[in-house]
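# Geometric and topological summary
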Amino acid sequence: MAIDTMDIEKVVKAVLEKIDKKGHSMKEETIGVQNPGKGIFSNMDMAIEAAWKAQKKFFKEYNLEDRNRIIQTIREELMENVEALARLGVDDTGMGRYEDKLVKNKLTIEKTPGVEDLKAEVYTGDSGLALIEFSPYGVIGAITPSTNPSETVICNSIGMIAAGNSVVFSPHPGAKKISMKTIEIINTAIEKAGGPENLIVTVDNPSIENAQKMMTHEKIKMIVATGGPGVVKSAMSKGKKAIGAGAGNPPALVDETADIEKAARDIIAGCSFDNNLPCIAEKEVIVVDSVADYLIFSMKKENVYHLENRENIDRLLKIVFDEKGRLNRKYVGKDAKFILNSAGIKCEKDVRAVIMEVKKDHPFVLEELMMPILPIVRVKDIEEGINLAVAVEQGNRHTAIMHSKNIDNLTRFAREVETTIFVKNAPSYAGLGYGGEGYATFTIAGPTGEGLTSTRSFARKRKCSLVGGFSIK
Ligand code: NAD
């Protein structure tokens with residue numbers, strides 16, 4: 001076979017380009033790197049290898065004070081870029097609302113716990129001393145959703161680094177730009193604070209295949225999956241430690257003792273927050289008959305579109321689900337006005353949500369829509385209300401909201417629904433620490449039981465026992 005000299009020249013040129021002036025091969029880590037120093041790789045194996053090396057260095061050479069400084073710099077760098085992140089979050093995914101994404105990002109930057117969350121346990125007695133300490137897992141594989149893309153990368157990064165790990169992210173392909181931008185900003189901050197390179201990495205071609213590759217890689221010691229039931233199930237089946245933060249369908253239950261006007265305000269605020277994208281957002285309302293009309297009347301004062309006509313509800317139903325009854329992703333996280341107009345229902349005002357009264361088995365009630373569409377179901381009394389709310393939550397153990405002043409009713413529903421988050425008399429986002437107490441996270445692990453994840457969720461408990469000393473009682 002004749003070899004073209006041009007071909008030989010091309011090959012030689014390519015090889016020479018991989019050799020530096022001193023005649024050494026280029027550093028292995030930089031081959032396949034899309035954006036050197038910012039953690040973006042074009043190959044999953046390379047990304048994991050780089051994160052593995054980074055974690056070894058991090059654990060060996062950096063102490064808790066260093067981790068604290070790095071986390072603080074990450075918060076500052078992210079806050080400087082928060083408007084850009086909120087804007088890109090909307091532009092890249094085509095979902096949500098800028099002003100709400102701003103709130104979500106700020107909340108995560110400020111209220112995600114850091115190193116202080118690692119509190120050791122101590123046992124002392126006649127035999128000496130035992131310490132239970134929180135240690136890193138090593139490299140964590142984190143799968144993140146399209147609905148809160150930057151927020152999940154931020155809270156996972158802060159908690160996982162604070163616990164001494166490195167992280168390989170596998171973002172949703174539909175949120176690639178925003179996820180990569182967030183990762184780049186975090187890496188810039190780590191560099192600024194003198195931290196190791198590649199503590200947070202990802203690939204420039206996120207996909208389900210790459211996520212699977214990441215989860216099964218032997219150097220990934222823990223998987224954290226934030227998303228729908230498919231990915232959570234897959235993560236839990238890999239034979240290694242997994243945290244699953246899965247789907248929800250949060251009901252908001254209203255009884256006759258509630259402050260109805262406040263309940264209406266809170267429910268619309270929660271349900272329309274970022275166009276209903278948060279997994280904790282109110283997805284349906286269940287209200288006792290005696291106050292149902294007043295609740296709907298009060299909601300109508302909150303800049304909503306009230307769909308009264310059955311035909312229009314059916315029109316909406318037709319576009320929200322496809323012919324096979326599957327959720328139409330085209331409308332997830334979209335503005336209520338856009339959804340209404342797409343259904344042929346004229347709406348000129350930028351309304352926050354669409355409300356309508358439906359039967360308890362309507363698809364809007366049973367499916368997690370993630371759109372500002374709020375179905376309302378009327379029940380005869382609290383007994384029926386609790387039973388229905390428990391049924392529509394569907395055992396997700398995610399979030400439930402209740403508006404009531406009756407302690408017995410509140411306690412009964414909280415016990416029966418068994419959700420990870422239970423919000424009383426406030427918008428659902430109070431459960432994430434926005435207008436409510438406690439820290440923030442966008443990885444709420446109902447299925448695996450860690451609850452609202454924080455630094456200690458990403459650390460292993462290890463025991464150190466000293467016998468015959470340090471007992472000064
Ligand atoms: P999604 O399940 O479509 O995707 C989530 C992530 O999983 C993405 O990165 C995706 O690429 C990946 N993925 C999906 N199937 C996979 C598979 N078989 N193997 C490997 N990776 C896979 O979810 P989404 O639309 O991005 O987010 C919305 C869903 O996530 C909702 O159900 C919502 O309730 C849930 N969610 C839960 C929490 C929580 O904290 N519990 C937070 C945010 C979102």
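Residues numbered from 1 in each chain as written. Predicted model: local features only at pLDDT ≥ 70, side-chain atom pairs only at ≥ 80, totals over all residues. Heavy atoms only, no water.

### Side note on the pattern of salt bridges
Worth spelling out the cut-off: Here a salt bridge means any side-chain nitrogen of Lys or Arg lying within 4 Å of a carboxyl oxygen belonging to Asp or Glu. Working definition: helices are DSSP H or I runs of at least four residues, strands are E runs of at least two. Numbering for both runs from the N terminus. Only protein chains enter the calculation, and the probe is 1.4 Å; a residue is then buried if its accessible area is under 20% of its type maximum, exposed if over 50%, and partly exposed in between.
Applying the stated criterion across every chain, the model contains 25 salt bridges. A salt bridge links Lys219 to Glu49; the shortest N-O distance between them is 3.0 Å. Of the two residues, Lys219 sits in the loop between helix H8 (208-216) and strand E8 (220-226) while Glu49 sits in helix H2 (residues 44-61), which places them 170 residues apart along the sequence. Accessibility expressed as a relative area gives 19% for Lys219, which makes it buried. In this structure, Asp293 engages Arg378 in a salt bridge whose closest nitrogen and oxygen atoms are separated by 2.7 Å. Of the two residues, Asp293 is situated in helix H11 (residues 289-299) and Arg378 in strand E14 (residues 373-379); the sequence distance between them amounts to 85 residues. Exposure remark for Arg378: the relative accessible area of 28% places this residue in the partly exposed category. A single salt-bridge network, built from bridges that share partners, covers Arg97, Glu99, Asp100, Asp350 and Arg352.

### Describing the packing of aromatic side chains
Here is the rule we go by: Aromatic rings from Phe, Tyr and Trp, with only the six-membered ring used for Trp, were paired whenever their centres fell within 6.5 Å, and each pair was classed as stacked if the ring planes differed by under 30 degrees, edge-to-face if by over 60, and tilted otherwise. The criterion for a charge sitting over a ring is simple: Lys NZ or Arg CZ within 6 Å of the ring centre, and within 35 degrees of the ring normal.
Tallied over the full model, the rule gives eight aromatic pairs. Summarising the aromatic geometry, the rings of Phe58 and Tyr62 are spaced 5.8 Å apart at their centres and angled 50° between planes, so their arrangement reads as tilted. Ring geometry for Tyr429 versus Tyr434: centroids 5.0 Å apart, planes at 50°, classification tilted. Tyr429 sits in the buried class, given a relative accessible area of 14%. Here a set of aromatic residues connected by ring pairs shows up, and it is made of Phe273, Tyr429 and Tyr434. Lying across the ring of Phe58, Arg67 places its NZ or CZ 5.9 Å from the centre. Note that Arg87 overlies the ring of Tyr98, its terminal NZ or CZ placed 4.2 Å from the centroid.

### Quick notes on the UniProt feature "domain: Aldehyde dehydrogenase" (unreviewed entry) in the protein chain
Cut-off, in case you're wondering: UniProt positions are given in the numbering used here, feature names are shortened, and annotations may be inferred rather than shown by experiment.
Mapped onto this structure's residue numbering, the UniProt feature "domain: Aldehyde dehydrogenase" (unreviewed entry) falls at residues 43-427. Taken end to end, residues 43-427 is 46% helix and 19% strand, and its two terminal C-alpha atoms sit 42 Å from one another.

### Digging into helix H9 (residues 229-236)
The following threshold applies: This arc is taken over the directions from the axis of the helix to the C-beta atoms. A contact between two residues is defined here by any heavy atoms of the two lying within 4.5 Å.
Taken together, the buried positions of H9 are occupied by Val232, Ser234 and Ala235. Looking straight down H9, one finds its buried side chains confined to an arc of 165°; they lie on one side. What points out from H9, more than 90 degrees from its buried face, is the exposed set Pro229, Gly230 and Lys233. Residues of H9 that are buried make contact with H8, E8 and strand E9 (241-245).

### A look at the confidence of the model for the protein chain
How we decide: pLDDT is a residue-level measure of predictor confidence that goes from 0 to 100.
Averaged over the protein chain, the pLDDT score is 93; the fraction of residues at 70 or greater is 92%. Counted against residues more than four places away or in other chains, residues 15-33, with its pLDDT under 50, gives 17 contacts.

### Describing the environment of Arg97
The line we're drawing: Any N or O atom pair separated by 3.5 Å or less is treated as a polar contact, with the protein-specific requirement of one donor-capable and one acceptor-capable atom, and with residues adjacent in sequence counted only for side-chain atom pairs.
Structurally, Arg97 can be placed in the loop between helix H4 (82-93) and helix H5 (98-111). Note: C-alpha distance between Arg97 and Ser272 (175 residues apart in sequence) is 9.5 Å. When near neighbours in sequence (up to four residues on either side) are disregarded, Arg97 contacts Val90, Ser272, Asp274, Asn275, Asp335, Asp350, Val351 and Arg352. In this structure the side chain of Arg97 is engaged in a polar contact, spanning 3.4 Å, whose partner is the backbone oxygen of Val351.

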